[in-house]
Each structure stands twice: as C-alpha cells, then as structure tokens.
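Listed below, chain by chain, are the residues.
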Amino acid sequence: MIKGHRIEKIIEVKTFLEIIKNYKEEQIVATQHTFFRLSEEERKIFKEAVLKEYLINKIPILVGIQQNSNYAVFYDYGKKEALKIMLDIKIEKIKIITFYLIEKNKMPML
C-alpha cells in the first residue's frame, strides 16, 4: 500500500452522500492522473462520464478517508469486485484522483 493511501477513518455512506449531493456534474472533474493505471482495453470501458455516473447516481458500499485526506469510495462492481474511486473533495469541485477495481475480499475492514 502506498503511504498516505491507508484508510484511517470510515465514514457513513449517508454522510458521504450528504457531502456530495450539491455538486453539479460539471464540478466533478478527472485529473491527468485519473486514467494513468488503465490498459487500453480498460480505457474503452472507463470514461470520465462512467465515473461521474457512479458518483452522482450510485450508492457506495464503503467510504473512508485516507491518511492523505482523500476519500476512498467503494462501489459494488459485480460478484467479486468493487470499484474504488479516490477523490479530493474541495469546496468548488471534486477531483477524481484515480480509480481501479479491487477484489471485495481485499477491501479495508476497520
């Protein structure tokens, strides 16, 4: 695990949804770093619009705050996997730092 990415505090899903509910779609932005981990095949599937769809319309299964103050948000993504999206939430916008699929049995349990 990369230093700073360790989750130090789990927050309630409803608290997270309350935090992000007033952000408009155009206030949620990808960064240059967002897609760097992806293979060409994954880039065809995961576009910025797909990530925004998760943030705006889906309910996470787990939300935590990392040591680096970014949010780690986990969404159900099939039987064995979860989509982990890391966010930097500021007053004016939400930056999607990066994301990847993780096996559900590797999700943090605090």
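Structure shown above.
Analysis parameters
Residues numbered from 1 in each chain as written. Predicted model: local features only at pLDDT ≥ 70, side-chain atom pairs only at ≥ 80, totals over all residues. Heavy atoms only, no water. Helix = DSSP H or I, 4+ residues; strand = E, 2+ residues; numbered from the N terminus. Buried < 20%, exposed > 50% of the residue type's maximum accessible area, 1.4 Å probe, protein only. Phe/Tyr/Trp six-rings, centres within 6.5 Å; stacked < 30°, edge-to-face > 60°. Lys NZ or Arg CZ within 6 Å of the ring centre and 35° of its normal.

Teacher, can you tell me more about unusual backbone geometry here?
Excluding glycine, most residues fall at negative phi; most peptide bonds, likewise, are trans. Notably, Ser 69 is not glycine yet its phi reads approximately 75 degrees, a positive angle. The residue Ser 69 is located in the loop between β3 (62–66) and β4 (71–76) in this model. Residue Ser 69 is classed as exposed on the basis of its relative accessible area of 52%.

When you look at the packing of aromatic side chains in this model, what are you seeing that I'm missing?
Remark: the centre distance and the inter-plane angle together describe each pair of aromatic rings, the angle taken between the planes. If you walk through the whole model with that rule in mind, you get 2 aromatic pairs. Seen in terms of ring centroids, Phe 16 and Tyr 71 are 6.1 Å apart; in terms of plane orientation they differ by 45 degrees. Their pairing is tilted. Remark: Tyr 71 occurs in strand β4 and Phe 16 occurs in helix α1 (residues 13–20); sequence separation between them is 55 residues. Like Phe 16, the residue Tyr 71 is buried in the burial classification. Measuring from centroid to centroid gives 5.3 Å for Tyr 54 and Tyr 75, while their planes differ by 70 degrees, and the two rings are edge-to-face. Placement of Tyr 54 in helix α3 (residues 48–57) and of Tyr 75 in strand β4 is noted, with a sequence separation of 21 residues between them. Both residues of the pair, Tyr 54 and Tyr 75, belong to the buried class. A cation over an aromatic ring shows up here: Lys 58 above the ring of Tyr 54, its NZ or CZ 5.4 Å from the ring centre.

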